[in-house]
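Coordinates in review
The residues making up each chain are set out below.
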Amino acid sequence: MPDHRNESNAELERSAAGVRQTILSAEDEEHVDAGTLVLVADGKLDPADREVAESHIDDCAMCREELEDLRRFALERQQRGQTRLRRAARFSIPLAAAAVLALVLRLLVREPAHPTVTSRVAPPAAVIPTTSAPRPAPPAPATGYANPKWTGLMAEVRRSGRLPSSPDPGLTAPDDILRGSSSGHAAERVAPAGRIVEETRPEFSWTPRPGSTYVVAVFRDEVEVARSPLLHEPRWRPAQTLRRGNTYIWQVETTKDGTTDIIPSPPAPQSMFAILGEAEHADLVAARRAHPRDRLLHAVLFARYGMRDEARASLREAAAAGDADAARILAAE
Amino acid sequence: MNPLDVEKMGPVGDPSLERLLTEVAQPVIEPILARYTRSRTLAPIDAEDVESAVNVRLIGKLRRMIAEGGEAVADFEKYVATITYNAISDHLRRRFPQRARLKNRLRYVVAHDQRFEVWMVAGETVCGLRGWTGTRPALREAPVPTDVAGRLTVDSREPAEALAEVLEHAGQPVWLNSIVSVIAEAWNVSDVPSRERPVALPSPGAGTLSRMETREFLQALWREVQALRPMQRQALLLNLRDDESVDVISVLVRSGIADHGAIAHAMEMTAEELSAIWNDLPLDDLTIAARLGITRQQVINLRKSARERLRRRMGR
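Topic: the overall build of chain A
A tally of helices and strands in chain A yields 10 helices and nine strands. Within chain A, the proportion of its 333 residues that are buried is 28%. Here the analysis covers contacts within chain A between residues at least 6 apart in sequence; of these, 66% occur between residues at least 24 apart.

Side note on the overall build of chain B
For chain B, the helix and strand inventory stands at 14 helices and three strands. Looking at chain B as a whole, 37% of its 316 residues are labelled buried. Intrachain contacts of chain B at a sequence separation of at least 6 include 66% that bridge at least 24 residues.

Quick word on the sheet that holds strand β1 (residues 190-191) of chain A
Residues and elements named next belong to chain A. Here three strands make up an open sheet; going across it, the order is β1-β3-β6 and the pairing antiparallel. Since the sheet does not close on itself, it has two edges, and those belong to β1 and β6 (235-236), each with one partner. Relative to β6, strand β3 (residues 204-206) runs antiparallel, the two being bridged by two bridges. Each bridged residue has a counterpart across the sheet, and for phenylalanine 204 the counterpart in β6 is tryptophan 236.

Here we look at the sheet that holds strand β1 (residues 116-121) of chain B
Pairing between the strands of a sheet comes from backbone hydrogen bonds, and it takes one of two forms, parallel or antiparallel. All names here are of chain B. In spatial order, the strands read β1-β2-β3; together these three strands make up an open sheet with antiparallel pairing. Single-partner strands in this sheet number two, and they are β1 and β3 (174-175). Relative to β3, strand β2 (residues 124-129) runs antiparallel, the two being bridged by two bridges. When the bridges of β3 are listed, cysteine 127 appears paired with valine 174.

Comments concerning the confidence of the model for chain B
All names here are of chain B. For chain B, the mean per-residue pLDDT works out to 79, and 78% of the residues sit at or above 70. Overall, residues 196-206 carries pLDDT values under 50, and its contacts beyond four positions in sequence, including any with other chains, amount to 16 contacts. Here the predicted complex carries an ipTM of 0.75, next to a pTM of 0.55.

Side note on the nonpolar core
The biggest cluster of nonpolar side chains holds 74 residues, and the ones touching the most others in it are Cys127, Val166, Ile179 and Leu237 of chain B. For this core, the leading source of residues is helix α6 (residues 176-186) of chain B, giving six residues. The next biggest cluster of nonpolar side chains, apart from the first, holds 39 residues, and it includes Ala193, Ile196, Leu296 and Ala326 of chain A.

Digging into the pairing of strand β8 (residues 259-263) of chain A
Residue and element names in this part refer to chain A. Where strand β7 (residues 247-256) and β8 come together, five bridges link them in antiparallel fashion. Bridge pairing in β8 links glutamate 253 to isoleucine 262. Linking β7 to β8, which pair antiparallel, is a turn of two residues; within it aspartate 257 sits at a positive phi near 50°.

What to know about the environment of serine 205 of chain A
Residues and elements named next belong to chain A. With respect to the secondary-structure elements, serine 205 resides in strand β3. In sequence terms serine 205 and proline 234 are 29 residues apart; their C-alpha atoms lie 5.6 Å from each other. Apart from residues lying up to four places away in sequence, serine 205 is in contact with Ala191, Pro234 and Arg235.

Some details on the confidence of the model for chain A
Residue and element names in this part refer to chain A. Across chain A, pLDDT averages 74, with 71% of residues at or above 70. For the stretch residues 88-137, pLDDT sits under 50, and the model shows 37 contacts to residues farther than four places along the chain or on other chains. Throughout residues 175-182 the model reports pLDDT below 50, and contacts reaching past four residues in sequence, or to other chains, amount to 15 contacts.

Here we look at the pairing of strand β4 (residues 213-220) of chain A
Residues and elements named next belong to chain A. Two elements, β4 and β7, share seven bridges in a ladder whose sense is antiparallel. Note on β7: the bridge partner recorded for valine 215 is glutamate 253. Of the pairings in the sheet, the one linking β4 to strand β5 (residues 223-227) comprises four bridges and is antiparallel in character. For phenylalanine 219, the partnering residue across the bridge sits in β5 and is glutamate 224. The loop that links β4 with its antiparallel partner β5 comprises two residues; one of these, aspartate 221, has a positive phi angle of about 50°.

Side note on helix α13 (residues 285-292) of chain B
Among all positions of α13 of chain B, only Ile288, Ala289 and Leu292 of chain B are buried. Looking straight down α13 of chain B, one finds its buried side chains confined to an arc of 100°; they lie on one side.

Structural notes on the packing of helix α4 (residues 97-112) of chain B against helix α5 (residues 159-170) of chain B
Residue and element names in this part refer to chain B. Two elements in contact, α4 and α5, have axes whose closest approach is 9 Å; the angle formed by their N-to-C orientations is 85°. Classified by the angle their axes make, α4 and α5 are roughly perpendicular. In this structure, α4 contributes Arg105, Leu106 and Val109 to the contact, and α5 contributes Pro159, Ala160 and Leu163. For the contact of α4 with α5, the residue count by class is five nonpolar, no polar and one charged.

Quick word on unusual backbone geometry
Following alanine 191 of chain A, the chain continues to proline 192 of chain A via a peptide bond in cis, the omega torsion being 5°. The residue proline 192 of chain A is located in the loop between β1 and β2 (195-197) in this model. With phi around 50°, aspartate 257 of chain A is a residue other than glycine that occupies positive phi space. Summarising the element assignment, aspartate 257 of chain A is placed in the loop between β7 and β8. Residues other than glycine seldom take positive phi values, yet glutamate 268 of chain B does so here, at roughly 55°.

Some remarks on the packing of helix α7 (residues 278-290) of chain A against helix α8 (residues 295-304) of chain A
Residues and elements named next belong to chain A. Between α7 and α8, the least distance of the axes is 10 Å, while the angle of their chain directions is 175°. Comparing the axis directions of α7 and α8 gives the class roughly antiparallel. Within the contact between the two elements, α7 uses Asp283, Leu284, Ala287 and Arg288 and α8 uses Leu297, His298 and Leu301. Classifying every residue of the contact of α7 with α8 by side-chain character gives four nonpolar, one polar and two charged.

Focus: the environment of aspartate 247 of chain B
All names here are of chain B. As for its placement among the helices and strands, aspartate 247 is situated in the loop between α9 (230-237) and α10 (248-254). On the neighbour-count criterion, aspartate 247 (21 C-beta atoms within 10 Å) is buried. Spatially, the C-alpha atoms of aspartate 247 and tryptophan 278 are 9.9 Å apart, while their sequence positions differ by 31 residues.

Thoughts on the environment of leucine 330 of chain A
All names here are of chain A. Counting through the fold element by element, leucine 330 comes out in helix α10 (residues 324-332). Exposure remark for leucine 330: the 17 C-beta atoms within 10 Å place this residue in the partly exposed category. Apart from residues lying up to four places away in sequence, leucine 330 is in contact with Leu315, Arg316 and Ala319.

Procedures and definitions
Residues numbered from 1 in each chain as written. Chains lettered and ligands numbered in written order. Predicted model: local features only at pLDDT ≥ 70, side-chain atom pairs only at ≥ 80, totals over all residues. Helix = DSSP H or I, 4+ residues; strand = E, 2+ residues; numbered from the N terminus. Buried ≥ 20, exposed ≤ 12 C-beta atoms within 10 Å, placed from the backbone. Contact = placed C-beta atoms within 7 Å. Pairing = 2+ DSSP bridges. pLDDT = per-residue confidence, 0-100. Core = buried A, V, L, I, M, F, W, Y, C linked by C-beta atoms within 7 Å. Arc of directions from axis to C-beta. Axes fitted to C-alpha atoms, helices over the stretch in contact; angles between N-to-C directions. Parallel < 35°, antiparallel > 145°, perpendicular 65-115°, else oblique. Nonpolar A, V, L, I, M, F, W, Y, C, P; charged D, E, K, R; others polar.

Put into structure tokens, the structure is as follows:
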């Protein structure tokens, strides 16, 4: 470690001024484009690109509102789809029979299928894709991983076609009717909730209430361990780190026109989350460093440590990069 | 056009720079804006605003390139076109938020519905049914599906069905902006044009950041660096330096703002690992990319976004 005791304050001042100038000269902001917003909403963005997009969205009201709208739309669409599926199930048997009959008739008549609407315009010669092709998946180490536990886990996953399970972390609190009556905001989104997070300073976010101010309080064993200043934006990241391996409950006190309310609003359950343990985090960091592109290994370790969302995201990346096992597991999930 | 050679340029205000803007940039910007005003997507007064925004961004870019010797622009005309399209998109999103949301929803539908595809032609998004990919739209505007009485028939509130109806009626690929206009009209999606709602970025050289004392500045910097996302933090710290290539990590240590262990923790490495690379700091982008398992361009994007965030947060 270098000894800096003899360096002058003047040199430090000059270096600090240089760094300040570097930050001041940051380029003008560009908003997150519609295609990227869709990927953010779907959770399909590469982790590095996600950090870039989210960093902008944190501070840009316009992009944030568009993303919220897109997420609402995605949810509505999913719900409509489920309703349609339930309705369709009632007709599935007659429809399947009709499909078989149609196939038999086509085979008997031996006529080509009717041209579809897509054949009205000839496919072009030049194709300009909107996204770059995914990089090919890295080959799995031929002689196993340096860590024998990873080798064992990966062998089992490739054999069984399933991600490892993890014990229920017990992060789902029951509906809380003791905290008072509903304020009419029961469907509000809060994050993190019901999951294990890797960061020791996670970002807390919640559905905004226009015109409100917020204060976040984080508790462990009913003792408050962190409290935000008065906030005007629906997100906050604590200055101090939370302890690895611990479970926390958090809530937001919202105030508007002198009236204070709590998010999540009763009777919605309290928001619980846990910070990934020290050993598990070290294992993940080691895996990412030793095998940065082995997304299937990342997915397996995330799943092993109860981080199901992250596991699915890594699995999707592995499948997109051409890992056939990942695609098989994804299809079975 | 050849790559832009900033070495041959003088300071901003130099006639060669003026010529570059008027003789190279304007012939790219004006036809793009004219297309948008002809299709009534942009009002003439808005086109003037967009043109000003593009010029400000271009001058800023050229100024930084001259001052810092930044990365060369391989194709200046293409770069100007991209900036212009982005400025138009940003302008429309700010002034017509409901329309922007409709457009996002259509993009979402296209990404999730196997019937559709989008692709780029000359920097603009084109939408078509599967199998049409790559074709340039022959029509500037989407033909509007109407019934015999001339009423719009796109009456479904389901964007996927509306999109299918417009495309099947057109029988060929259509510019996405044009589809948005047709569906917005059919569904009465209208915005009361609002004035600009800027992101409120502090302008370089102004604000709190430039007034802070050295120690206060470094403390604020360290606080904000810790609040960055993990890869952003690493991409920044491994390469952030002053104008004489002194890395910011050593500045933080020398000033006593952060010790070796705290910095190692922020960079998700052990103190021993940090010591091992100490003498090599700042690292080049390829080395950082290899460490993080990402591409060099992603490292550049992460660092750029980190610097922008620091400027926003510290400039308040």
